[in-house]
Amino acid sequence: MTNILDDYALMSPLRHRNNWLKLAIVLFGLLAGISSTSPVTPLFIAFCMGFTTVALGRAPLKLYLKLLLAPIGFAVTGVLIIAFFSGSGQELLSFKLMGYPVSLRKDGLELALLVLSRSLSGMCCLYFLVLTTPMIELFAVLKATRLPESFIELSMLIYRYIFVFLGMAISIRYAQTVRLGYSSFSRSLRSLGMLGSTLFVRSWEQGDKLFLAMNSRCYDGKMTLFEVHRPVRVPELLLTSAYFLLTLALLYLTKNASIV
Amino acid sequence: MHIMEGFLATPWWQLWFAVSIPAILYGIYKMNRLVKEKREILPLLAVAGAFIFVLSALKLPSVNGSCSHPTGTGIAAIIFGPAISAVLGTIVLLYQALFLAHGGLTTLGANVFSMGIVGPLVAYLIYKAGMRANLNFYAVVFLATAFGDWTTYLITTAELALAYPASDVLTLGGFLSSFKKFALIFAVTQAPLAIMEGAVSALLFKYVVNVKSDILVEMKVIEASVARKLRGTPA
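Residues numbered from 1 in each chain as written. Chains lettered and ligands numbered in written order. Predicted model: local features only at pLDDT ≥ 70, side-chain atom pairs only at ≥ 80, totals over all residues. Heavy atoms only, no water.

A. Main features of the overall build of chain B. In terms of helices and strands, chain B carries eight helices and zero strands. N-terminal to C-terminal, the α/β element order of chain B is α-α-α-α-α-α-α-α. The buried share of chain B, reckoned over its 235 residues, is 59%. Sequence separation of at least 24 residues holds for 69% of the intrachain contacts in chain B that already meet a minimum separation of 6. Within the structure as shown, chain B displays about 9,100 Å² of accessible surface, and the carbon and sulfur contribution to it stands at 68%. (Helix = DSSP H or I, 4+ residues; strand = E, 2+ residues; numbered from the N terminus. Buried < 20%, exposed > 50% of the residue type's maximum accessible area, 1.4 Å probe, protein only. Contact = heavy atoms within 4.5 Å. Areas by Shrake-Rupley, 256 points an atom, 1.4 Å probe, with all protein chains shown as cover.)

Next up, the structure:
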């Protein structure tokens, strides 16, 4: 799954746009979504980001919806808890669950919808970044910030090795499955332990090899990256500012709005 | 258990960032010192981080219908100590947010606090205490990982309960009532998972001891005498 996301980012036409502009759009979306007090603004942000990712970034719509569906499941569980357990206003619905009285209140429902929409807008912003910007471009951006050198270096190495080990883990798991390693509960626990330990030992050996390979190529704790200079074009700037202004206007207009 | 993007409103996500950042900085400071001392450690840390990510991407067999994944931070804490686990945990959580949409950028601070800082710290303390008390190594690994996980869930619950107290304003009673409700729901799904992760971690260490116990001795996870005893060879 991880493989696929970065592949789409590499193919996306938006890859060749300015990285800082994309980051600014994402951060603005995240902050505006989180500080909104009505679900309207986050939904607007989610729609804009989704549209940009699919229409301009050429991410397949089917894949995009599938990607959104997975975390939505988690979000809905959390939101249901909030909907049923918080709030003190007017009761909309109440029933008994295993002897406990459960009730849905007006302000609880409103809060739950708000949180769900915020979560959705945040995910759309994240997917916009992930599906249009390959990690390697983000590293170049990170290098330009003042984050500690070793932290960035470590993240780059980790990123590289995630793919190596993921491939390894998938093939081991496949080999275990065809040998009925996951046919019962206790067997699957044992198989998982074996898989983890093999992965651990192999990754350790890989680490030794990596150190040797990098050392023999004069590694001194710094990997230099080539950052392509991509100026922000006027239409991009106009579109972005229109989006920012619209979002801010919505944020202001829906300050006291309530939809339930 | 990750807190999703957008779940923490304005004062709370900044607060957890403010709490987490000093710990991460301390971890980076410790890591820099370690790297200066032993240069070969950086690639090792990198593969360990990737290992944690891959481990957390594997699904555990489900007990009650819910499918979840190991956090892997307990293992990291036992091998590298809590300070470095915080740095590795931060990077892994960042990648999880970006690639798997587990967690998020604004909730990163809260997630790092529960999963990268407090959980590993508890796991590490239990591990150290257990080894000092001369308990069985695998039992100690099991306990450390399981309790580390449970602590992570408790902290996550507290973070959510603080952001969503039962009453409109934050009071102790409202916090406690909401804490109880969130904890009840997590207890059903997450408590068995922690036990499973403990079991898998103990098995993992068992195989590592059998195949390559010198790694663990070298990282000062276990004493050479313990390793020999575990493998069954006379000292």
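Right, picking up where we left off after that structure.
B. Spotlight on the overall build of chain A. Secondary structure summary: chain A contains nine helices and two strands in total. In chain A, the succession of α and β elements from N to C terminus is α-α-α-α-β-β-α-α-α-α-α. For chain A, the proportion of its 260 residues judged to be buried stands at 46%. Long-range pairs, those at least 24 residues apart, make up 73% of the contacts in chain A between residues at least 6 apart in sequence.

C. Main features of the layout of surface pockets. The computed volume of the second largest pocket comes to approximately 970 Å³. Going through the elements one at a time, α2 (19–35), α6 (135–144) and α7 (149–178) of chain A together with α1 (10–37), α4 (82–100) and α5 (108–132) of chain B are the ones with two or more residues in the lining of the second largest pocket. In terms of residue count, the dominant contributor to the lining of the second largest pocket is α1(B) (seven residues). Here the residues of the lining of the second largest pocket sort into 26 nonpolar, five polar and no charged. Looking at which domains feed residues into the lining of the second largest pocket, each of domain 1 (2–133 + 230–253) and domain 2 (141–215) of chain A supplies at least three. (1 Å grid on protein atoms, 1.4 Å probe; cavity = no way out; pocket = protein on both sides within 12 Å on 5 of 7 lines; lining within 4 Å. Points joined across faces, edges and corners; volume = space filled by probe spheres on them. Nonpolar A, V, L, I, M, F, W, Y, C, P; charged D, E, K, R; others polar. Domains from an automatic or database assignment.)

D. Highlighting the environment of A:Glu227. All names here are of chain A. Note that Glu-227 resides in the loop between α8 (185–215) and α9 (234–253). Owing to a relative accessible area of 38%, Glu-227 belongs among the partly exposed residues under this scheme. Spatially, the C-alpha atom of Glu-227 lies 10.0 Å from that of Asn-19, the residues being 208 residues apart in sequence. Setting aside residues no more than four positions away along its own chain, Glu-227 makes contact with Trp-20 and Ala-140.

E. Structural context of the packing of aromatic side chains. Under the defined criterion, the tally for this structure stands at 18 aromatic pairs over all chains. Between the aromatic rings of B:Tyr26 and B:Tyr29, the centroid separation amounts to 6.4 Å while the plane-to-plane angle is 35°, which identifies the pairing as tilted. Taken together, the positions of B:Tyr26 and B:Tyr29, both in helix α1 and three residues apart, correspond to about one turn of that helix. With relative accessibility at 45%, the residue B:Tyr29 sits in the partly exposed group. An aromatic cluster is present here, built from A:Phe28, A:Phe44, A:Tyr243 and A:Phe244 joined pairwise through their rings. A cation over a ring is seen here: A:Arg173 above A:Tyr182, with NZ or CZ 4.7 Å from the ring centre. (Phe/Tyr/Trp six-rings, centres within 6.5 Å; stacked < 30°, edge-to-face > 60°. Lys NZ or Arg CZ within 6 Å of the ring centre and 35° of its normal.)

F. Expanded view of the pattern of salt bridges. All names here are of chain A. Summed over the entire model, instances satisfying the criterion amount to two salt bridges over all chains. A salt bridge links Arg-17 to Glu-236; the shortest N-O distance between them is 3.1 Å. Separated by 219 residues along the polypeptide, Arg-17 in the loop between α1 (2–11) and α2 and Glu-236 in helix α9 bring together distant segments of the chain. What makes Arg-17 partly exposed here is its relative accessible area of 28%. Note that Glu-236 and Arg-233 form a salt bridge whose closest N and O atoms lie 3.9 Å from each other. (Salt bridge = Lys/Arg side-chain N within 4 Å of Asp/Glu carboxyl O.)

G. Here's a closer look at the interface of chain A and chain B. Contact residues are listed per partner, giving 71 residues for chain A and 64 residues for chain B. For the pair chain A and chain B, the summed buried area comes to about 6,200 Å², and 82% of that belongs to carbon and sulfur atoms. In this structure, the connection of chain A to chain B is made through one residue pair in polar contact (both at pLDDT 80 or more). Where the side of chain A that touches chain B is concerned, the elements lending two or more residues are α1, α2, α4 (61–85), α5 (106–132), α6, α7 and α8 of chain A. Considering every element that reaches the side of chain A that touches chain B, the biggest residue donor is α8(A), with 22 residues. By residue class, the composition of the side of chain A that touches chain B is 46 nonpolar, 17 polar and eight charged. (Buried area = accessible area lost by both parts, 1.4 Å probe. Polar contact = N/O pair within 3.5 Å; in protein donor to acceptor, adjacent residues only side chain to side chain.)

H. Representation of unusual backbone geometry. Residues and elements named next belong to chain A. Unusually for a residue other than glycine, Leu-180 sits at a positive phi of about 60°. Within the fold, Leu-180 resides in the loop between α7 and α8. By relative accessible area, which is 54% here, Leu-180 ends up exposed.

I. Structural view of the packing of α2(A) against α9(A). Residue and element names in this part refer to chain A. The N-to-C vectors of α2 and α9 enclose an angle of 5°; their axes lie 11 Å apart at closest approach. With respect to α9, the axis of α2 lies roughly parallel. Listed contacts from α9 to Leu-21, Ala-24, Ile-25, Phe-28, Gly-29 and Ala-32 of α2 are Glu-236, Thr-240, Tyr-243, Phe-244, Thr-247, Leu-248 and Leu-251. Of the residues in the contact of α2 with α9, the class split is nine nonpolar, three polar and one charged. (Axes fitted to C-alpha atoms, helices over the stretch in contact; angles between N-to-C directions. Parallel < 35°, antiparallel > 145°, perpendicular 65-115°, else oblique.)

J. Spotlight on helix α3 (residues 40–56) of chain A. All names here are of chain A. For α3, spanning 17 residues, the distance from its first C-alpha to its last is 23 Å, which sits close to the expected 24 Å at 1.5 Å a residue. Among the residues of α3, those classed as buried are Thr-41, Pro-42, Ile-45, Ala-46, Cys-48, Met-49, Gly-50, Thr-52 and Thr-53. Directly after α3, the chain includes Arg-58, whose backbone phi takes a positive value near 55°. (Expected span 1.5 Å × (residues − 1).)

K. Geometry of the nonpolar core. Counting residues in hydrophobic clusters, the biggest one holds 135 residues, and the most contacted among them are A:Leu154, A:Ile158, B:Phe7, B:Phe80, B:Leu88, B:Tyr95 and B:Tyr127. Each of domain 1 (2–133 + 230–253) and domain 2 (141–215) of chain A gives at least three residues to this core. Beyond its immediate chain neighbours, meaning those up to four positions away, B:Phe80 contacts A:Trp204, B:Leu45, B:Ala48, B:Leu88 and B:Met219. Counting residues in hydrophobic clusters, the runner-up holds six residues, among them A:Ile172, A:Leu189, A:Leu192 and B:Met196. (Core = buried A, V, L, I, M, F, W, Y, C linked by side-chain atoms within 4.5 Å.)

L. A look at the environment of A:Leu154. Note that A:Leu154 resides in helix α7. Other than its neighbours up to four places away in sequence, A:Leu154 contacts B:Met31, B:Leu42, B:Leu45, B:Ala46, B:Val87, B:Leu88 and B:Ile91.

M. Broad picture of the packing of α2(A) against α6(A). Residue and element names in this part refer to chain A. One can describe the packing of α2 onto α6 by two numbers: an axis separation of 10 Å at closest approach and a directional angle of 85°. By the angle between their axes, α2 is roughly perpendicular relative to α6. Residue-level contacts link Asn-19, Trp-20 and Leu-23 of α2 to Glu-137, Leu-138, Val-141 and Ala-144 of α6. Residue composition of the contact of α2 with α6, by class: five nonpolar, one polar and one charged.

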